[in-house]
Amino acid sequence: MKELKGYSILYNPRKNKGTAFSKSERKKYGLDGILPDSIESMETQIMRVQGQIENLNKPINKYIYLTGLLDTNETLFFKTIISDPAKYLPLVYTPTVGEACERLGHIARRPRGLFISIKHKNKIEQILKNWPVEDIRFIVVTDGQRILGLGDLGINGIGIPIGKLALYTSCAGVPPEHTIPIVLDVGTDNAMYLNDPLYPGLKQKRVTGKEYDDFIKAFVKAITKVYPKICIQWEDFAGVNAIRILDKYRDKVCTFNDDIQGTAAIAVAGFIAVSRLLNKPFKEQRFLFLGAGAAAFGIADMLVKKFQRDGLNKKEAYERCWMFDVNGLLVNSRTDIAEHQKPFAHESEASNDFAASILKIKPTAIIGVSTVGGAFTQQVIENMSAINDRPVIFPYSNPTSHSECTAEQAYTWSNGNAIFASGSPFAPVEYNGKTFTPGQGNNVFIFPALGLAIYATEAKRVTDEMLLTASEAVAEQISEEDFSKGLIYPPIKNIRDVSINVAVKIVEEMQ
């Protein structure tokens, strides 16, 4: 391959270093005169980026600017993100990425990733070979049907795989050249996009059933053939599809579903930390979920495994996990329960009142995975406070507008006693003269570290044991000082160190 020189190297985002090229590099690559004479450090370049970001007043505009930086100078982009993770992660991922996905057809600058249409089902190998890198280790793939809590965004959902893979590199150092974001285009049921002249995907209703499953099968076959060391991360598939796809392929290829397993791992890490904070054995906890879809199933399934690791038998473990969905409490008398939900249906009276169910079941923690903003009402929080000195409130739905309650509501309605963690970030809360720092159960503490461990070992499978070990490793890294501030997750500013430590623990588990 011909060596890049002059303007060509500046237009290659993986080779471009901007004004950081040294004198010898400028001479070698023919950059004298093309760049200003001053040789700048990475810190100086980051300072310039920060100044430009500050001049933008809307998060979506900051997202667009940072995406442009990723398109032109990857090194500077990743260095900028990790220079202040608490500031930049919400801009390149949740919550800003949700708006970016909704508006992708209107804000797109340069194609990034692969768009694989069901119309090209028989050409998937050829499409994959169009990618300029041969050794791909990670893909994040979506079909765009259930983006965050926003629903069917079609191929606009490509923003999620792009954001996730940016975090693999920013937070754990996985080389970006070994990754590809992918969206599978099977159509969309979103009428707004079907009628939008700027929507770039197939303008047809979603393909379902056998035709859909055959497309997924063809995709998995092709990508594991073209990239034999690949790990497939499934992202934002609709619940039933997500569970079915994971169950079908988890024992055949290296794969995991972040919505199911990553969310589960970070939630369980929070509950392990809560047990430490309260000086209470983990196996004494009891959980009630609002929502009984893929995310709830994933968390509950991992909680069962943690209970078993701590000494409970399977029956005892299941009895400590309850679920409440749109049709009420999951109880044995119901006839509308899916197969994967049955272990979490218990012998009890039916109930359509979530707040009342709290008083009956007496959970130590409630977990919101319903995507229904405000579903944790004042009565819900007060009922949790009535049966727990320190009620554990986890509204996990994303983005922020879909969170089951805000941090301020949880602290206020519990008289400052709640232990709170959410899926999206909330600012610190002042209550009765005390500052509370809300926790964020962010999957970013899990999947980049998992990716680093897989990259280092070329693991053939992702196991539940690896994920549970990741949960325990995250919880181990919370200091007493963190606890004193009300934190149950490590500070996001420490994400690089946390990721490396978690990756090491995962690798040790694999030995």
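Residues numbered from 1 in each chain as written. Predicted model: local features only at pLDDT ≥ 70, side-chain atom pairs only at ≥ 80, totals over all residues. Heavy atoms only, no water.

**Some points on the environment of I337**
The residue I337 is located in the loop between strand 8 (328-329) and helix 17 (354-361) in this model. Residue class for I337 comes out buried when judged on its relative accessible area of 14%. A C-alpha to C-alpha distance of 22 Å links I337 and Q145, two positions 192 residues apart in sequence. Contacts of I337, omitting those with residues within four sequence positions, involve L330, V331, K342 and A345. (Helix = DSSP H or I, 4+ residues; strand = E, 2+ residues; numbered from the N terminus. Buried < 20%, exposed > 50% of the residue type's maximum accessible area, 1.4 Å probe, protein only. Contact = heavy atoms within 4.5 Å.)

**A short note on the sheet that holds strand 11 (residues 419-422)**
If you walk across this open sheet you meet the 7 strands as 8-7-6-9-10-11-14, and the pairing is mixed. Across the chains shown, the open sheet's two edge strands, defined by having one partner strand only, are strand 8 and strand 14 (439-440). As paired strands, strand 9 (residues 365-368) and strand 10 (residues 392-395) are joined by 4 bridges and run parallel to one another. Bridged to I366 within strand 10 is I393. Relative to the sheet, helix 15 (residues 294-309) contacts strand 6 (287-290), strand 7 (321-325) and strand 9, its axis offset from that of strand 7 by approximately 170°. (Pairing = 2+ DSSP bridges. Axes fitted to C-alpha atoms, helices over the stretch in contact; angles between N-to-C directions.)

**Brief notes about the layout of surface pockets**
In this structure, the largest pocket occupies an estimated 770 Å³ of space. Along the walls of the largest pocket sit 30 residues, with N12, P13, R14, E74 and P132 positioned nearest its centre. Only helix 4 (59-72), helix 5 (74-83), helix 10 (159-172) and strand 3 (179-185) provide two or more residues apiece to the lining of the largest pocket. Among the elements that take part in the lining of the largest pocket, helix 10 stands out by supplying 5 residues, more than any other. (1 Å grid on protein atoms, 1.4 Å probe; cavity = no way out; pocket = protein on both sides within 12 Å on 5 of 7 lines; lining within 4 Å. Points joined across faces, edges and corners; volume = space filled by probe spheres on them.)

**Comments concerning the pattern of salt bridges**
Counted under the stated rule, the structure contains 31 salt bridges. In this structure, R146 engages D259 in a salt bridge whose closest nitrogen and oxygen atoms are separated by 3.7 Å. Here R146 is found in the loop between strand 2 (138-142) and helix 10, whereas its partner D259 is found in helix 14 (residues 258-278), with 113 residues between them in sequence. Among the residues examined, R146 registers a relative accessible area of 28% and is labelled partly exposed. With relative accessibility at 11%, the residue D259 sits in the buried group. Taking the shortest distance from any N to any O, the salt bridge between R206 and D152 comes out at 2.9 Å. Taken as a pair, R206 in the loop between helix 11 (191-194) and helix 12 (209-226) and D152 in the loop between strand 2 and helix 10 lie far apart in primary sequence, 54 residues in all. Its relative accessible area of 8% is what places R206 among the buried residues. Among the ionic contacts, a cluster of salt bridges with common partners joins D135, R137, K229 and E458. (Salt bridge = Lys/Arg side-chain N within 4 Å of Asp/Glu carboxyl O.)

**Comments concerning the nonpolar core**
Of all hydrophobic cores here, the largest spans 149 residues; its most connected members are I182 and F219. Core analysis: the next-biggest nonpolar cluster, separate from the first, contains 26 residues, I381, M384, A410 and F420 among them. (Core = buried A, V, L, I, M, F, W, Y, C linked by side-chain atoms within 4.5 Å.)

**Some remarks on the environment of E3**
Inspection of the secondary structure assignment puts E3 in the segment before helix 1 (7-10). Measuring from C-alpha to C-alpha, the distance between E3 and Y29 comes to 8.6 Å, with 26 residues separating the pair along the chain. Excluding its chain neighbours within four sequence positions, the residues that come into contact with E3 are K28 and Y29.

**Some words on the sheet that holds strand 4 (residues 231-234)**
Strand order across the open sheet formed by 5 strands is 1-3-2-4-5, with parallel pairing between neighbours. Each having just a single partner strand, strand 1 (114-117) and strand 5 (255-257) make up the two edges of the open sheet. Along the sheet, successive strands turn relative to each other by an average axial angle of 25°, direction set aside. For strand 2 and strand 3, the ladder comprises 5 bridges, and the chain directions are parallel. Residue T142 lies in a different strand from strand 3, and its bridge partner there is V183. Packing of helix 14 onto the sheet brings it into contact with strand 4 and strand 5, and relative to strand 5 it is tilted by some 75°. Sheet strands in contact with helix 20 (residues 447-457) are strand 2, strand 4 and strand 5, and its direction is about 140° off that of strand 2.

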